[in-house]
Amino acid sequence: MFYQKFIALSVLAVAVAACGGGAGGSGVSVGAPGNTSPVVVAPPPPPSLRGNLVGGPVAVSSYDAQTLKQMLENAQLGMSGITSTPVCAVSTHTVRYRTIGSAGEDTEASTAVMLPSGSDPACSGPRPVLLYAHGTSPLKSYDMSKLDGTEARMIAAIFAAQGYIVVAPNYAGYAGSSLAYHAYLDAEQQSADMVDGLRAARAVFSQMGASASAKLYVTGYSQGGFVALATQRAMQTRHAAEFAVTAAAGLSGPYALLKFGDTMFGGAPTLGATAFLPMLANAAQHAGARLYASPGDMYEAPYAAGIETILPGTLGLGELASQGKLPASALFAWNSAPQAAGSKQFFNDGNLVRTSYRDGYTADMQLRACGDSNPASALGCAPQHPLRQWLKKNDLRNYVPSIPLLLCGGDADPIVPYYNTSAAAGYFGAQNMAAALHVVNVDSTPSLFGDDYAQPKLGFLAAKAAVRADAALSGGSGDAAVRDAYHAGLVAPFCLRAARDFFRAR
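Every value quoted in this text rests on a predicted model; they were computed, and no experiment measured them.

S.K.: Quick question: what am I supposed to make of the sheet that holds strand β5 (residues 106-117) here?
M.R.: Strands pair in a sheet through their backbones, by hydrogen bonds, and they do so in one of two ways: parallel or antiparallel. Pairing is mixed across the open sheet formed by 9 strands, whose spatial order is β3-β4-β5-β7-β6-β8-β9-β10-β11. Sheet topology places β3 (58-63) and β11 (437-441) at the edges, where each strand pairs with a single neighbour. Sheet twist, expressed as the average angle between the axes of neighbouring strands with direction ignored, equals 20°. Where strand β9 (residues 247-251) and strand β10 (residues 405-409) come together, 4 bridges link them in parallel fashion. Bridging across to β10, Gly 250 finds its partner in Leu 407.

S.K.: How should the pairing of strand β4 (residues 89-100) be read in this particular structure?
M.R.: When a strand is regular, its side chains alternate between the sheet's two faces. Here β4 lies mainly inside the structure; 9 of its 12 residues are buried. Of the strand pairs in this sheet, β3 and β4 are connected by 5 bridges, and their pairing is antiparallel. Across the sheet, Tyr 63 pairs through a bridge with Val 90, a residue of β4. Here β4 pairs with β5 via 12 bridges, running antiparallel. Note that in β5 the partner of Thr 99 across the bridge is Thr 107. Counting the residues that bridge the hairpin from β4 to β5 gives 5 residues, and of these Gly 104 lies at a positive phi of roughly 80°.

S.K.: What is the right way to look at the nonpolar core in this model?
M.R.: Most often, soluble globular proteins keep nonpolar side chains buried together rather than apart. If you look at the biggest cluster of nonpolar residues, it comprises 147 residues, and the most contacted ones within it are Met 114, Val 166, Leu 387, Leu 406 and Phe 503. Ranked by residues supplied to this core, first place goes to helix α14 (residues 478-504) with 13 residues. The contacts of Phe 503, once residues within four sequence positions are left out, are Leu 130, Phe 159, Tyr 164, Tyr 217, Val 218, Thr 219, Ala 247, Ala 248 and Ala 249.

S.K.: When you look at the packing of helix α13 (residues 454-473) against α14 in this model, what are you seeing that I'm missing?
M.R.: When two helices pack together, their arrangement is given by the angle between the helix axes and by the axis-to-axis distance. Close contact between α13 and α14 brings their axes to 9 Å; oriented N to C, the two are set at 160°. One way to sum up the angle between α13 and α14 is to call them roughly antiparallel. As α13 packs across α14, the resulting crossing turns out to be right-handed. Mapping the contact onto sequence places Pro 456, Gly 459, Phe 460, Ala 463, Lys 464, Val 467, Arg 468 and Ala 471 in α13 and Gly 478, Asp 479, Ala 481, Val 482, Tyr 486, Leu 490, Val 491, Phe 494, Ala 498 and Asp 501 in α14. Here the residues of the contact of α13 with α14 sort into 12 nonpolar, 2 polar and 4 charged.

S.K.: Would you take a moment to explain the pattern of salt bridges for this structure?
M.R.: Close approach of charged atoms allows side chains of opposite charge to pair. Throughout the structure, instances matching the rule amount to 14 salt bridges. Residue Arg 98 is joined to Asp 106 by a salt bridge in which the shortest nitrogen-to-oxygen separation is 2.2 Å. Under the relative-accessibility criterion, Arg 98 is labelled partly exposed at 21%. Across the pair Asp 484 and Arg 483 runs a salt bridge whose closest N-O atoms are separated by 3.1 Å. The exposure class of Asp 484 is partly exposed, given its relative accessible area of 21%.

S.K.: Explain the state of the cysteines here, please?
M.R.: Throughout this description, disulfide means a covalent bond between two cysteine sulfur atoms. Taken as a whole and judged by the stated rule, the model has 3 disulfides. Here Cys 408 pairs with Cys 495 through a disulfide, and the sulfurs are 2.1 Å apart. Taking the sign of the torsion about the S-S bond as the criterion, the disulfide between Cys 408 and Cys 495, at about -80°, is left-handed. Remark: Cys 495 occurs in helix α14 and Cys 408 occurs in strand β10; sequence separation between them is 87 residues. Each of the two residues, Cys 408 as well as Cys 495, counts as buried.

S.K.: Explain the side chain of Thr 136 to me, please; I cannot follow it from the model alone.
M.R.: Relative to the elements of secondary structure, Thr 136 occurs in the loop between β6 (127-133) and α3 (150-158). Polar side-chain contacts of Thr 136 include one of 2.6 Å to the side chain of Gln 223.

S.K.: Can you help me understand unusual backbone geometry in this one?
M.R.: Backbone torsion omega between Leu 311 and Pro 312 reads -10°, so that peptide bond is classified as cis. You can see Pro 312 is positioned in the loop between α8 (301-304) and α9 (317-322). Residue Ala 337 is joined to Pro 338 through a cis peptide bond whose omega torsion reads 0°. Within the secondary structure, Pro 338 sits in the loop between α9 and α10 (355-367). Of note in this structure, Ser 252 is not a glycine but carries a positive phi near 50°. In this fold, Ser 252 is placed in the loop between β9 and α6 (257-265).

S.K.: Help me out: how do you make sense of the environment of Leu 320 in this one?
M.R.: Take Leu 320: it is sitting in helix α9. In this structure Leu 320 comes out as buried when scored by relative accessible area, which is 1%. C-alpha separation for the pair Leu 320 and Ile 310, spaced 10 residues apart in sequence, amounts to 8.3 Å. Setting aside chain neighbours within four positions, we find Leu 320 in contact with Ile 310, Leu 311, Leu 315, Lys 325 and Leu 326.

S.K.: Would you mind showing me how to read the environment of Val 195 here?
M.R.: As for its position among the elements, Val 195 is in helix α4 (residues 187-203). The exposure class of Val 195 is buried, given its relative accessible area of 0%.

S.K.: What should I look at first to understand the packing of aromatic side chains in this one?
M.R.: Aromatic rings in a pair are described by how distant their centres are and how their planes are angled relative to each other. What the rule picks out here adds up to 15 aromatic pairs. When the centroid spacing of 4.2 Å and the interplanar angle of 15° are considered together, the rings of Phe 265 and Tyr 361 count as stacked. Taken together, the residues Phe 265 in helix α6 and Tyr 361 in helix α10 connect sequence positions 96 residues apart. Overall, Phe 265 belongs to the buried group, its relative accessible area being 1%. The interplanar angle of 65° and the centroid separation of 5.9 Å between the aromatic rings of Tyr 427 and Phe 428 together place this pair among those described as edge-to-face. Both residues of the pair, Tyr 427 and Phe 428, count as buried. Over the face of the ring belonging to Tyr 419 we find Lys 259, whose NZ or CZ atom lies 5.2 Å from the ring centre. Its guanidinium or amino end placed over the ring of Phe 332, Arg 358 lies 4.5 Å from that ring's centre, counting from NZ or CZ.

What counts and how
- Residues numbered from 1 in each chain as written.
- Predicted model: local features only at pLDDT ≥ 70, side-chain atom pairs only at ≥ 80, totals over all residues.
- Heavy atoms only, no water.
- Pairing = 2+ DSSP bridges.
- Helix = DSSP H or I, 4+ residues; strand = E, 2+ residues; numbered from the N terminus.
- Axes fitted to C-alpha atoms, helices over the stretch in contact; angles between N-to-C directions.
- Buried < 20%, exposed > 50% of the residue type's maximum accessible area, 1.4 Å probe, protein only.
- Core = buried A, V, L, I, M, F, W, Y, C linked by side-chain atoms within 4.5 Å.
- Contact = heavy atoms within 4.5 Å.
- Parallel < 35°, antiparallel > 145°, perpendicular 65-115°, else oblique.
- Left-handed = near helix turned anticlockwise from the far one by under 90°.
- Nonpolar A, V, L, I, M, F, W, Y, C, P; charged D, E, K, R; others polar.
- Salt bridge = Lys/Arg side-chain N within 4 Å of Asp/Glu carboxyl O.
- Disulfide = S-S within 2.5 Å.
- Polar contact = N/O pair within 3.5 Å; in protein donor to acceptor, adjacent residues only side chain to side chain.
- Phe/Tyr/Trp six-rings, centres within 6.5 Å; stacked < 30°, edge-to-face > 60°.
- Lys NZ or Arg CZ within 6 Å of the ring centre and 35° of its normal.

Given below as structure tokens:
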């Protein structure tokens, strides 16, 4: 769910987006009767393994402030003005560590560590630590330590080059991890992975010449927005003695997963759903959720055979679509009902999800509705369909943050709808959250007085106007250009700026 490019994005390439081998031979196979694709549930490794280093830190790259600024400008003219001009040099490192998969199995993963340096006072001495959760990539090679990637470069510029020590786990399943799948939006696994990545990075800070202050911030964008809040929850409820989070920011994340799924299966899918759903289902299968006995129960025949191993993989989403491994947008059959207005592109021949599977989901929705009439009890329902049960289990409207929290997004997001932000904010507010809760829609007109986020909002509006103007010059549709750039190219940098402003005040 993150950007592959800054402005021009294909519909599938900005998916909100893998299943392979599971646990070792000591695991226990479980599954529904007749299950031809059992889930392997392994006993968890000894607690002492989690967060343990695998080797030492490896230096990857180093850029002085001027070179980093030029990299930003080469990628997108004016980008250093959006991120702020770098004041620190930035070096990147990779640290490998032990963590767990969705079944609790022992595995390895890696984290990027970005370190600031330089003569500016912001670049030396004890520095605040930013734990960053990245967005989705279809490529297993995705690595936040490599600043030739748009997201890594953006985080380096907005945070590391302004004096933050950035710890950005690559997630198990990516960047040489020994896990053969990715635990996409599995709140338990992904928060454990983030915690373990930070543990490992902390263990080698001094070895890398880094000095951390007492301030710890947690943030992430898109998939990473969800992961950031799941991680903050884990630190608050399970690791309070180990981690004292100063503040957190969830940016354009799918926090209200049950609402997201119900809306999608209820007739209003979002762009990228044909990549998002298989990744989520694969993680659930490895966690023992038993969404299906075999892939053919959920997916149509042209896709079922290989769908558990293609994401993340070696092909981009456009390539997967062109090779017939995933449909570009047809999530449901052309005659599957209901269909929301404006959702025609998601209902077509060559669809991904079998109508019988969707019918089972929607029948459960009708019998066991989970409404929004009372935000405080949005999850006060008891789904019986296994996919709805999994979504409810991972929905983040089930705790109250005890530290200051920012939720940021754009209210026309075609990938991760803004209702995720408003639903999470509604729940936290209904629970009488004592800490500060800031909710920012960057796609809104800033208030004349007292708007702490006027600059990100004004920047967003200017960038959106520029996208429209550029489309008009090339004879294209301004609306289409804004839609394609919205989630990844437009909202992302300005919500990240808003997060930095939020953190600086704390």
